[in-house]
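Notes for the structure review
Listed here are the chains, written in short residue letters.
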Amino acid sequence: MTKMKVGMIGCGNISPAYLTYLARSEVVEVHALADLLPEKAHERGAEFGIANVCTVEELLNHPEIELILNLTVPSSHASVNMNALQKGKHVYVEKPLSVSLEEAKATLELAEAKGLRVGCAPDTFLGAGIETSRRAIQDGLIGKPVAATAFMMGGGPENWHPNPAFFYAEGGGPMFDMGPYYLTALVQLLGPISRISAIVSPPGPERSIQTGPRAGESIPVRTPTHYSGRLGFASGAVGTLVTSFDIPGGSALPSMEIYGTKGTLSVPDPNYFNGEVKVRLHGDEEWRPVPPAFESGPNERGRGLEDMARAIASGEGHRASGAAAYHVLEAMHAYERSSREGRHIELSSAFMLQTAK
């Protein structure tokens, strides 16, 4: 297939990961870059040999660009997505799909009305780690899945990110930042989530930036920093997911485990594309590795965009879809709503996701 020309909006901290992987792509070409701070776009253009650096408006009106890669901060996701769709461009956006469910729904409705595609990170589930796990479950290695646990326990991005304020704004925090990796992996492994019950901590005190030119500067915290919840899947399996920026000492808990009627599957960190999958069946004395379905590197961000470009060309569905991202977004909002209202929250998108498949 002829390479699909992609325009990237947002040239911040995550952009080199995408540009490094997509530079080798046989499916898409990152043809132009834009950022609200022009110097950032020029810096990335020089770094990766991309000559077309323009304003956001110029990029959206570029006649050769068919797909927009939206790597802006979460609060800008919806507006950039909608503007791109209005210009007749397909959209692939960094997670989350948007901050609010209303904006996400409007995005998907506009795309459908215009006959365009929406894709959304994370696409790490397309790597060897989660895909090997998915195939093992489908092949019946651990029997019928009955339960799962997943933990993202950390001290917060202020320890490594030079400009971490947006992590603590609305649409940030450990759930909206890291939750998509874990929830997406769980949905890929166990199917749609039907209901959630959770307790969420209130926003804590200010955080202090630990690295970069702004080190020592305080930033306000406007989002919860610890989420603990139970998930009921439409399949009948139950799960536990905890995400936290309040664990400065780290944790020895596993990233993810799936428990079946025949044994347990140890799933690698869903923030990465690779990682060892292990199994321990009933009667086994030790864990043993599950042969990988294929080989992946730790960073292959852009796999989902490539899959979407192929799907557009063939007319088939793409896996890192807007429908799947909406389901994950509804689940993340359900955590806060359950904590606030003190009850289980039913997810309406569970049925939508099942019928979409």
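Located above this text is the structure these notes cover.
Description of the structure in this document. Not measured: the values here are computed from a predicted model. (Residues numbered from 1 in each chain as written. Predicted model: local features only at pLDDT ≥ 70, side-chain atom pairs only at ≥ 80, totals over all residues. Heavy atoms only, no water.)

Focus on the sheet that holds strand S2 (residues 28-34)
With parallel pairing, the five strands of this open sheet are ordered in space as S2-S1-S3-S4-S5. Of all the strands in the sheet, the pair left with one neighbour each is S2 and strand S5 (118-120). Neighbour-to-neighbour, the strand axes of this sheet turn through a mean angle of 25 degrees, independent of strand direction. The pairing of strand S3 (residues 67-70) with strand S4 (residues 90-93) spans four bridges and is parallel. The partner of Leu 67 across the bridge, within S4, is His 90. In the packing of helix H1 (residues 15-22) onto the sheet, the strands contacted are strand S1 (4-9), S2, S3 and S4, and the crossing angle to S2 comes to about 150 degrees. (Pairing = 2+ DSSP bridges. Helix = DSSP H or I, 4+ residues; strand = E, 2+ residues; numbered from the N terminus. Axes fitted to C-alpha atoms, helices over the stretch in contact; angles between N-to-C directions. Contact = heavy atoms within 4.5 Å.)

Considerations on the layout of surface pockets
Estimates place the volume of the largest pocket at around 1300 Å³. What lines the largest pocket is a set of 50 residues, among which Asn 13, Ile 14, His 161, Phe 166 and Phe 167 lie closest to the centre. When residues of the lining of the largest pocket are traced back to their parent elements, those giving at least two are helix H2 (38-48), helix H3 (56-60), helix H4 (74-86), strand S6 (145-153) and helix H7 (173-190). No other element matches the six residues that H4 contributes to the lining of the largest pocket. Of the residues assigned to the lining of the largest pocket, the class counts are 25 nonpolar, 16 polar and nine charged. (1 Å grid on protein atoms, 1.4 Å probe; cavity = no way out; pocket = protein on both sides within 12 Å on 5 of 7 lines; lining within 4 Å. Points joined across faces, edges and corners; volume = space filled by probe spheres on them. Nonpolar A, V, L, I, M, F, W, Y, C, P; charged D, E, K, R; others polar.)

A few points about the packing of helix H5 (residues 101-114) against helix H9 (residues 322-341)
For any two helices packed against each other, the geometry is given by the interaxial angle and the distance between the axes. Where H5 contacts H9, the two axes come as close as 10 Å, and the packing angle between them is 170 degrees. Of the possible angle classes, the one that applies to H5 and H9 is roughly antiparallel. Two secondary-structure elements touch here, H5 through Leu 101, Ala 104, Lys 105 and Leu 108 and H9 through Gly 322, Ala 323, Tyr 326, Leu 329, Glu 330 and His 333. Residue composition of the contact of H5 with H9, by class: six nonpolar, two polar and two charged. (Parallel < 35°, antiparallel > 145°, perpendicular 65-115°, else oblique.)

Some thoughts on the nonpolar core
Among soluble globular proteins, nonpolar side chains are generally buried collectively. Ranked by size, the top nonpolar core spans 97 residues in total, and within it Ile 258 and Leu 265 carry the most contacts. Top contributing element to this core by residue count: H7, with 11 residues. When neighbours within four sequence positions are excluded, Leu 265 is seen to be in contact with Ser 133, Ala 136, Ile 137, Leu 141, Ile 142, Met 256, Glu 257, Ile 258, Val 277, Lys 278, Val 279 and Val 290. (Core = buried A, V, L, I, M, F, W, Y, C linked by side-chain atoms within 4.5 Å. Buried < 20%, exposed > 50% of the residue type's maximum accessible area, 1.4 Å probe, protein only.)

Thoughts on the sheet that holds strand S7 (residues 193-200)
Taken together, the nine strands give an open sheet; going across it, the order is S15-S14-S13-S12-S6-S11-S10-S7-S16, and neighbouring strands pair in mixed fashion. Each edge of the open sheet is held by one strand with a lone partner, namely strand S15 (288-289) and strand S16 (345-346). Across four bridges, the pairing between strand S13 (residues 263-267) and strand S14 (residues 278-281) is antiparallel. Residue pairing in the sheet places Ser 266 in a bridge with Lys 278 of S14. Against the sheet, H7 contacts S6, S7, strand S10 (226-233), strand S11 (238-244), strand S12 (256-260) and S13, and its axis sits at roughly 160 degrees relative to S6. Docked against the sheet, H9 engages S7, S10, S11 and S16, running at close to 45 degrees with respect to S7.

Things to note about H1
Counted residue by residue, H1 has seven buried out of eight residues, so it is predominantly covered. Looking at H1, one finds that the buried residues are Ser 15, Pro 16, Ala 17, Tyr 18, Leu 19, Tyr 21 and Leu 22. Taken together, the buried residues of H1 touch S1, S2, H2, S3, S4 and helix H8 (303-314).

Focus: the packing of H7 against H9
The contact between H7 and H9 brings their axes to 9 Å, and the two run at 120 degrees. The orientation of H7 relative to H9 falls into the category oblique. Like other packed secondary-structure pairs, H7 and H9 cross with a definite hand, here right-handed. Contacts from Met 175, Phe 176, Gly 179, Pro 180, Leu 183, Thr 184 and Val 187 in H7 reach His 327, Val 328, Leu 329, Ala 331, Met 332, His 333, Tyr 335 and Glu 336 in H9. Grouping the constituent residues of the contact of H7 with H9 by class yields 10 nonpolar, four polar and one charged. (Left-handed = near helix turned anticlockwise from the far one by under 90°.)

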